[in-house]
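Coordinates in review
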Amino acid sequence: AACTGFCVMAVGDAVAQRSAGEKQFDPQRNFVSAAYNGLASPAFYRWYQLMDRLAPGVAIRTLVPKVLASQLVTTGLNNPCYLLWCNVAEAACGTADWAAVRSRRRLLADRDPTQMATRRRS
């Protein structure tokens, strides 16, 4: 599962970079994404096995709850972990664009009503 996950993500990211019109292929981005997927794939494989054991079959009445549960659990856990992985990997490689991270944080704070109220008072 790990090797398959790594390879699928590496190919998928390469295609995504190409179709997004990137002028140059970014091997670091590709490796970071593929490595995460390679590490996460065995957990997802076990998750889907568990789902199939708990709700066997592919009828709509069993499929819809499995899809909803899977989306709630895996998306809620996977997305923050992936973003953390990417930031840590970029920091470890010395390629993190911390100015961009800070400006995004400021942009988000500008949209947060509690932060806006605090800034108005000061």
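Up top is the structure.
Residues numbered from 1 in each chain as written. Predicted model: local features only at pLDDT ≥ 70, side-chain atom pairs only at ≥ 80, totals over all residues. Heavy atoms only, no water.

1. As for the packing of helix α2 (residues 27–54) against helix α3 (residues 60–93)
Contact geometry for α2 and α3: axes closest at 10 Å, N-to-C directions at 155°. Classified by the angle between their axes, α2 and α3 sit roughly antiparallel to one another. Here the hand of the crossing between α2 and α3 comes out right-handed. Residues belonging to the contact of α2 with α3 are distributed by class as follows: 16 nonpolar, 5 polar and 3 charged. (Axes fitted to C-alpha atoms, helices over the stretch in contact; angles between N-to-C directions. Helix = DSSP H or I, 4+ residues; strand = E, 2+ residues; numbered from the N terminus. Parallel < 35°, antiparallel > 145°, perpendicular 65-115°, else oblique. Left-handed = near helix turned anticlockwise from the far one by under 90°. Nonpolar A, V, L, I, M, F, W, Y, C, P; charged D, E, K, R; others polar.)

2. Observations regarding the pattern of salt bridges
Scanning the model with the defined rule gives 2 salt bridges in all. For R29, the salt bridge is made with D13, and the minimal N-O distance between the two is 2.8 Å. With R29 in helix α2 and D13 in helix α1 (residues 2–19), this pair connects stretches of sequence that are 16 residues apart. With a relative accessible area of 33%, R29 lands in the partly exposed category. (Salt bridge = Lys/Arg side-chain N within 4 Å of Asp/Glu carboxyl O. Buried < 20%, exposed > 50% of the residue type's maximum accessible area, 1.4 Å probe, protein only.)

3. Quick word on α2
Across its 28 residues, α2 extends 40 Å between first and last C-alpha, which sits within 8% of the 40 Å expected from 1.5 Å per residue. Inspection of α2 places N30, V32, S33, A34, A35, Y36, G38, A40, S41, F44, W47 and M51 among the buried residues, and these make up the whole buried set. As for α2, its buried residues are in contact with α1 and α3. For α2, the N-terminal cap is D26; the gap from its side-chain oxygen to the backbone nitrogen of Q28 is 3.2 Å. (Expected span 1.5 Å × (residues − 1). Contact = heavy atoms within 4.5 Å. Polar contact = N/O pair within 3.5 Å; in protein donor to acceptor, adjacent residues only side chain to side chain.)

4. What to know about the packing of α1 against α2
It is the contact of α1 with α2, at a shortest axis distance of 7 Å, that shows an interaxial angle of 145°. The crossing of α1 and α2 is right-handed. From α1, A2, G5, F6, M9, A10, D13, A14, A16 and Q17 reach across to α2, where they touch R29, N30, F31, S33, A34, A35, N37, G38, S41 and P42. Taken together, the residues of the contact of α1 with α2 break down into 10 nonpolar, 7 polar and 2 charged.

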